[in-house]
Amino acid sequence: MTRLSDATLDRLPAAVARPGYDRARVARGIVHLGIGAFHRAHQALVFDRALAAGDLRWGVTGASLRSPQVADDMNPQDGLYTLVTRDGDGDRPQVIGAVGAVLVAPRDPAALVARMADAATHIVSLTVTEKGYRLDAAGQLLCGEADVAADLASLAAPRTAPGFVVAALAARRAAGIAPFTALSCDNLPGNGGRLRGAVLALAEAHDPALARWIADEGAFPETMVDRIVPATTAEDIAAFAAAHGVEDRALVTGEPFLQWVIEDRFCGPRPDFAAFGAQLTEAVAPWEEAKLRLLNGAHSALAYLGALSGLAFVHEVIAVPAFRAFVERLWDEAAASLSPPAGLDIARYRAELMARFANPALRHRTRQIAMDGSQKLPQRLLASLTWRTTRGLASPALALGVAAWMRWQAGTTDAGERVVVDDPLATRTAAIVAAGGDATARAGAMLALLGGDATLLPAIAAALATLERDGARAAVAGLA
């Protein structure tokens with residue numbers, strides 16, 4: 001099978017959109033750390049639009065901080081990949097040309113630092129997941145982690161995302177080059193502030209003068225990103241190859257909806273984001289809060305409850321009337337805790353979210369969403385639950401969503417199927433499950449891991465007991 005590349009682009013049928021600009025003239029003004037499927041379906045598409053409009057400064061150099069798989073998939077394809085947008089009307093494939101080479105940090109950390117330190121690099125963006133910032137729940141650097149400790153000892157060969165940022169900024173300062181803008185695009189509140197905190201803490205440990213320079217001259221805008229991007233399957237790749245005669249091992253899929261809200265705080269050049277589908281604002285937090293507590297909160301709750309019930313995909317879960325009613329109730333509870341930004345109609349937003357969840361073309365796996373729950377639940381569910389509990393408001397749907405994560409840590413579905421608990425705290429939650437005790441004891445121990453207040457425990461423990469006794473489907477139906 002012919003592989004997608006610059007040389008084989010013309011073999012694709014006309015139905016597949018492709019870059020209309022000269023890729024040889026593109027400058028690589030962006031380095032992206034963590035070039036997984038989400039970046040390729042989201043930010044890289046916006047940068048591709050900038051290139052298509054004639055602003056050729058915004059090509060992307062990708063970087064994988066761990067696995068070489070994405071580089072091995074993309075580099076033989078000259079960085080090209082297909083984004084397949086899916087909804088009920090079918091598939092719309094588009095080849096994205098924004099990404100050039102993909103570097104693998106562990107293979108050659110110096111090459112990545114050099115690319116980030118180059119004067120042509122204006123933005124370093126990141127999608128490294130919540131755990132990639134190497135911060136604890138209080139926002140302090142996890143100095144006890146081996147990779148963080150190594151970066152604190154030396155930045156000659158960084159191992160962490162903050163380490164690479166500090167090493168590159170140090171090189172720029174030494175060369176008399178202004179700092180780049182560090183643009184976090186991860187799903188966590190205050191992402192820019194968290195990145196800034198990690199970078200400054202690490203820089204301070206090496207050179208207080210460097211830390212002051214970064215604080216004074218650098219920029220770490222807050223952002224909010226939104227697009228549902230399911231994991232690409234072997235079937236997706238095979239179907240594209242069969243339909244179009246070209247194999248694309250870096251193919252990604254996504255829904256039509258895309259949102260990117262960015263704080264307008266840069267320390268150097270930037271694309272005209274507003275012209276290419278993103279939104280610039282002075283305050284990201286209200287947008288971010290609404291998205292985390294409505295979209296992401298419901299997504300996590302549906303993932304755990306659906307997976308426990310043996311349902312593989314989000315659209316299958318939302319097709320069950322009791323689960324659909326549960327989501328509406330969860331949104332009723334969470335919406336009360338919000339101060340929506342001007343321009344966001346919550347009722348309309350909820351209707352759009354429900355339609356997105358119901359999109360059968362996406363085949364978004366519940367077990368994919370269930371990954372790393374300990375890093376996600378505090379901002380997605382616990383924040384709303386805490387707000388309501390301090391005001392004496394009952395929150396059975398939110399409590400059930402948190403309890404479903406706790407039930408998932410047992411490593412079995414309601415039918416007894418063994419599952420892999422993919423979570424940074426999986427070893428600790430497994431020990432809590434193995435220790436036994438009643439639901440209150442286990443819920444209390446896991447709530448402490450999440451940093452939740454003890455006032456939340458009665459409602460969560462009661463929900464966990466119901467889940468363990470009756471199963472997820474019955475627990476959800478019991479809220480109706």
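Residues numbered from 1 in each chain as written. Predicted model: local features only at pLDDT ≥ 70, side-chain atom pairs only at ≥ 80, totals over all residues. Heavy atoms only, no water.

Peer 1: For this particular structure, what's the right way to read the packing of aromatic side chains?
Peer 2: In this description, an aromatic ring pair is defined by two values, namely the gap between the centres and the angle between the planes. If you walk through the whole model with that rule in mind, you get six aromatic pairs. Taking 5.3 Å as the distance between ring centres and 70 degrees as the angle between the ring planes, the aromatic pair formed by Trp-260 and Phe-273 counts as edge-to-face. Taken together, the positions of Trp-260 in strand β10 (residues 259–263) and Phe-273 in the loop between β10 and β11 (279–281) put the pair 13 residues apart, joining distant regions of the chain. Like Trp-260, the residue Phe-273 is buried in the burial classification. Between the aromatic rings of Trp-331 and Phe-357, the centroid separation amounts to 6.1 Å while the plane-to-plane angle is 35 degrees, which identifies the pairing as tilted. (Phe/Tyr/Trp six-rings, centres within 6.5 Å; stacked < 30°, edge-to-face > 60°. Helix = DSSP H or I, 4+ residues; strand = E, 2+ residues; numbered from the N terminus. Buried < 20%, exposed > 50% of the residue type's maximum accessible area, 1.4 Å probe, protein only.)

Peer 1: Looking at this structure, I do not really get the pairing of strand β4 (residues 90–96). What am I missing?
Peer 2: The side chains of a regular strand alternate between the sheet's two faces. Summarising the sheet, strand β3 (residues 81–87) and β4 pair through seven bridges and their orientation is antiparallel. Note that in β4 the partner of Arg-86 across the bridge is Asp-91. Between β3 and the antiparallel strand that follows it, β4, lie two residues. (Pairing = 2+ DSSP bridges.)

Peer 1: Just checking my understanding: could you explain the sheet that holds β10 for this structure?
Peer 2: The strands making up a sheet associate through hydrogen bonds between their backbones, and the pairing can be parallel or antiparallel. Read from one edge of the open sheet, three strands run β8-β10-β11, paired in mixed fashion. Edge positions in the sheet fall to β8 (223–226) and β11, since each of these pairs with one other strand and no more. Direction aside, neighbouring strands of the sheet carry axes that sit 15 degrees apart on average. Sheet topology places β8 next to β10; four bridges connect them, and they run antiparallel. (Axes fitted to C-alpha atoms, helices over the stretch in contact; angles between N-to-C directions.)

Peer 1: Mind showing me how you'd approach the nonpolar core here?
Peer 2: If you look at soluble globular proteins, the nonpolar side chains tend to sit buried side by side. Core analysis: the biggest nonpolar cluster contains 68 residues, and Phe-326 and Ile-460 have the highest contact counts within it. Counting residues per element, this core draws most heavily on helix α10 (residues 285–308), at 12 residues. Other than its neighbours up to four places away in sequence, Ile-460 contacts Leu-382, Leu-385, Ala-399, Val-402, Ala-403, Met-406, Ala-443 and Leu-447. Formed by 38 residues, the second largest nonpolar core is a distinct cluster that contains Tyr-21, Ala-41, Ala-71 and Phe-266. (Core = buried A, V, L, I, M, F, W, Y, C linked by side-chain atoms within 4.5 Å. Contact = heavy atoms within 4.5 Å.)

Peer 1: Is there a simple way to think about the sheet that holds β4 in this case?
Peer 2: Pairing is mixed in the open sheet, where three strands are placed in the order β4-β3-β9. Strand pairing shows two members of the sheet lacking a second neighbour, β4 and β9 (252–254), which therefore form its edges. The average angle at which neighbouring strand axes cross in this sheet is 25 degrees, direction not considered. Packing of helix α2 (residues 43–52) onto the sheet brings it into contact with β3 and β4, and relative to β4 it is tilted by some 65 degrees.

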